[in-house]
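Understanding the architecture of this molecule
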Amino acid sequence: YVAGQQAIGAPQTAETRRHNIATETAAAGTATREAIAKINTQENLMRDDFTNASKEFVKVRDAHQRVMASAQDPSAAGDLALIFNYMKVLDPGSTVREGEFANAQNSGGVDQRTIALYNSVTRGERLSPEVRNDFLNRSGKLYDAAVGNQQTIEQDYTSKAGRAGARPEQVVTR
């Protein structure tokens, strides 16, 4: 017999059993905390990747919402905002500023008709209801296509999270 240890085969005392259970529970708790921390780190990294992969969609979504809001106000300012945001739906990564549309044809992301309409609106002309509705409908179609792409990204990250043992709802955020 060694001090502090029980002989092999000797019956356990209640105190020894409580000590063994406490030791096993503490070891399991440490392992569980470490596993949870590892999963949380994995989820955070995957969420960052998902957020980065979703940036273009968020820009298109926000621009489309502004197109819809602008179409509700058939004024020169509303028309200007509608065209500006329609251009953002077409080319969400564009850095063209409102005062630089005359040079926008160099960007390649926006068609000449849209630029011409924008320039006419800046001179105080108004869009016809047909043209305004055309922008609204086209923005909706572009947005719908972006939604389809985003759903593919969400499905991909949901699947990746499941395979990694992460919680998909912590990775795929809306």
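So, here is what we can say about the structure in this document. (Residues numbered from 1 in each chain as written. Predicted model: local features only at pLDDT ≥ 70, side-chain atom pairs only at ≥ 80, totals over all residues. Heavy atoms only, no water.)

1. A closer look at the overall build of the protein
Helix and strand counts for the protein come out as 6 helices and 0 strands. Going from the N terminus to the C terminus, the protein shows its helices and strands as α-α-α-α-α-α. Across the 174 residues that make up the protein, the buried fraction comes to 27%. For the protein, contacts bridging at least 24 residues in sequence account for 60% of all contacts bridging at least 6. Carbon and sulfur atoms provide 53% of the accessible area of the protein, an area that totals close to 11,100 Å². (Helix = DSSP H or I, 4+ residues; strand = E, 2+ residues; numbered from the N terminus. Buried < 20%, exposed > 50% of the residue type's maximum accessible area, 1.4 Å probe, protein only. Contact = heavy atoms within 4.5 Å. Areas by Shrake-Rupley, 256 points an atom, 1.4 Å probe, with all protein chains shown as cover.)

2. Notes on the packing of aromatic side chains
Counting across every chain of the model gives 3 aromatic pairs. Seen from their ring centres, Y86 and F135 are 4.7 Å apart, and the 75 degrees between their planes marks the pair as edge-to-face. Taken together, the residues span a long stretch of sequence, with Y86 in helix 3 (residues 76-90) and F135 in helix 5 (residues 129-163) at a distance of 49 residues. Of the two residues examined, Y86 and F135, each falls in the buried class. The ring of Y157 has K160 sitting right over it, with the charged end atom 4.6 Å from the ring centre. (Phe/Tyr/Trp six-rings, centres within 6.5 Å; stacked < 30°, edge-to-face > 60°. Lys NZ or Arg CZ within 6 Å of the ring centre and 35° of its normal.)

3. A word on the layout of surface pockets
In this model, the largest pocket occupies a volume close to 240 Å³. Around the largest pocket, the lining comprises 13 residues; the ones closest to its centre are F57, Q150, E154, T173 and R174. Put simply, the parts of the chain that give the lining of the largest pocket at least two residues each are helix 1 (14-53), helix 2 (55-71) and helix 5. Classifying every residue of the lining of the largest pocket gives 4 nonpolar, 5 polar and 4 charged. (1 Å grid on protein atoms, 1.4 Å probe; cavity = no way out; pocket = protein on both sides within 12 Å on 5 of 7 lines; lining within 4 Å. Points joined across faces, edges and corners; volume = space filled by probe spheres on them. Nonpolar A, V, L, I, M, F, W, Y, C, P; charged D, E, K, R; others polar.)

4. Here we look at the packing of helix 2 against helix 3
Close contact between helix 2 and helix 3 brings their axes to 8 Å; oriented N to C, the two are set at 160 degrees. Taken together, the axes of helix 2 and helix 3 lie roughly antiparallel to each other. For helix 2 against helix 3, the interelement crossing comes out left-handed. Within the contact between the two elements, helix 2 uses V60, A63, H64, R66, V67, S70 and A71 and helix 3 uses G78, A81, L82, N85, Y86, K88 and V89. (Axes fitted to C-alpha atoms, helices over the stretch in contact; angles between N-to-C directions. Parallel < 35°, antiparallel > 145°, perpendicular 65-115°, else oblique. Left-handed = near helix turned anticlockwise from the far one by under 90°.)

5. A few points about the nonpolar core
Nonpolar side chains in soluble globular proteins tend to end up buried together. Judged by nonpolar contacts, the single largest core of 17 residues is most densely connected at L82, I83, L117, L127 and F135. At the level of elements, helix 2, helix 3, helix 4 (112-122) and helix 5 are the ones that each hand at least two residues to this core. Setting aside residues up to four positions removed in sequence, L82 forms contacts with V67, S70, A71, L127, R132 and F135. F50, A166, V171 and V172 belong to the second-largest nonpolar core, a separate cluster that totals 7 residues. (Core = buried A, V, L, I, M, F, W, Y, C linked by side-chain atoms within 4.5 Å.)

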